[in-house]
Amino acid sequence: QFKTIANKRFSKAVFTAYVLMPDPYTTAAMAIQVWAPDNTPIKVEQKNLSAKEMGTNRWNKISFELPLDGLDGPDNQLRCFIHNPARQTFYVDDFTVEILPMEK
């Protein structure tokens, strides 16, 4: 929940990870979501990842952001994750989520 992070407004969430996909047919998605207190999604965005585009057997730094204008209510929940629906093997390292405060 945003209220557990800080008592301020936020401008955006930045989700960064290093990803290595050993197979050229591997796909996945980075997701950033904001959910309401009643457990319903308010905003859902994703960045699709493909080994064909990123290259195989090499680490790629992937970054994805979601503007939080009006979505950062204190009881709303931020969820960031890598979605792997095909249950393929790939590697993720140095996973970070940065939540930037609103500029004054």
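The structure displayed is predicted, hence computed values, not measured ones. (Residues numbered from 1 in each chain as written. Predicted model: local features only at pLDDT ≥ 70, side-chain atom pairs only at ≥ 80, totals over all residues. Heavy atoms only, no water.)

*Asks:* Mind laying out the pattern of salt bridges, listing which residues take part and the relevant values?
*Replies:* Pairs can form between side chains of opposite charge whenever their charged atoms are close. Inspection of every chain in the model, using the stated rule, returns four salt bridges. The salt bridge involving Asp-75 is made with Lys-3; its shortest N-O contact spans 2.7 Å. Of the two residues, Asp-75 sits in the loop between β4 (60-67) and β5 (77-83) while Lys-3 sits in helix α1 (residues 2-5), which places them 72 residues apart along the sequence. For Asp-75, a relative accessible area of 33% corresponds to the partly exposed category. Measuring nitrogen to oxygen at the nearest pair gives 3.4 Å for the salt bridge that ties Lys-43 to Glu-45. Taking the relative accessible area as the measure of exposure, Lys-43 reaches 32% and is therefore partly exposed. (Salt bridge = Lys/Arg side-chain N within 4 Å of Asp/Glu carboxyl O. Helix = DSSP H or I, 4+ residues; strand = E, 2+ residues; numbered from the N terminus. Buried < 20%, exposed > 50% of the residue type's maximum accessible area, 1.4 Å probe, protein only.)

*Asks:* Describe the side chain of Gln-33, and please don't skip the residues or the numbers.
*Replies:* With respect to the secondary-structure elements, Gln-33 resides in strand β2 (residues 27-35). Separated by 2.7 Å, the side chains of Gln-33 and Trp-35 make a polar contact. (Polar contact = N/O pair within 3.5 Å; in protein donor to acceptor, adjacent residues only side chain to side chain.)

*Asks:* Give a detailed account of the packing of aromatic side chains, specifying residues and quantitative values.
*Replies:* Tallied over the full model, the rule gives two aromatic pairs. With centroids separated by 5.7 Å and ring planes inclined at 35°, the aromatic side chains of Phe-2 and Phe-10 adopt a geometry described as tilted. Centroid distance Phe-15 to Phe-95: 4.6 Å. Interplanar angle 55°. Geometry classified as tilted. Highlighted residues: Phe-15 in strand β1 (residues 10-20) and Phe-95 in strand β6 (residues 91-101), separated in sequence by 80 residues. Judged by relative accessible area, which is 0%, Phe-15 ranks as buried. Across from the ring centre of Trp-35, 3.9 Å away, lies the NZ or CZ of Arg-79, which sits over that ring. (Phe/Tyr/Trp six-rings, centres within 6.5 Å; stacked < 30°, edge-to-face > 60°. Lys NZ or Arg CZ within 6 Å of the ring centre and 35° of its normal.)

*Asks:* I'd love a proper account of a nonpolar patch on the surface, names of residues and values included.
*Replies:* Taken together, the side chains of Tyr-18, Trp-59 and Tyr-91 make up a nonpolar region of the molecular surface, amounting to roughly 320 Å² of accessible area. Residue position: Tyr-91 is located in strand β6. Under the relative-accessibility criterion, Tyr-91 is labelled partly exposed at 43%. (Patch = residues over 30% accessible without salt bridge, like charges linked within 9 Å, V, L, I, M, F, W, Y side chains within 5 Å. Areas by Shrake-Rupley, 256 points an atom, 1.4 Å probe, with all protein chains shown as cover.)

*Asks:* With reference to specific residues and values, describe the sheet that holds β4.
*Replies:* On the basis of which strands lie adjacent, the open sheet formed by three strands has the order β4-β1-β6 and antiparallel pairing. The sheet is open, and its two edges are formed by β4 and β6, each paired on a single side. Across the sheet, the mean angle separating the axes of adjacent strands is 15° when strand polarity is ignored. The pairing of β1 with β4 spans eight bridges and is antiparallel. Bridged to Val-19 within β4 is Asn-60. (Pairing = 2+ DSSP bridges. Axes fitted to C-alpha atoms, helices over the stretch in contact; angles between N-to-C directions.)

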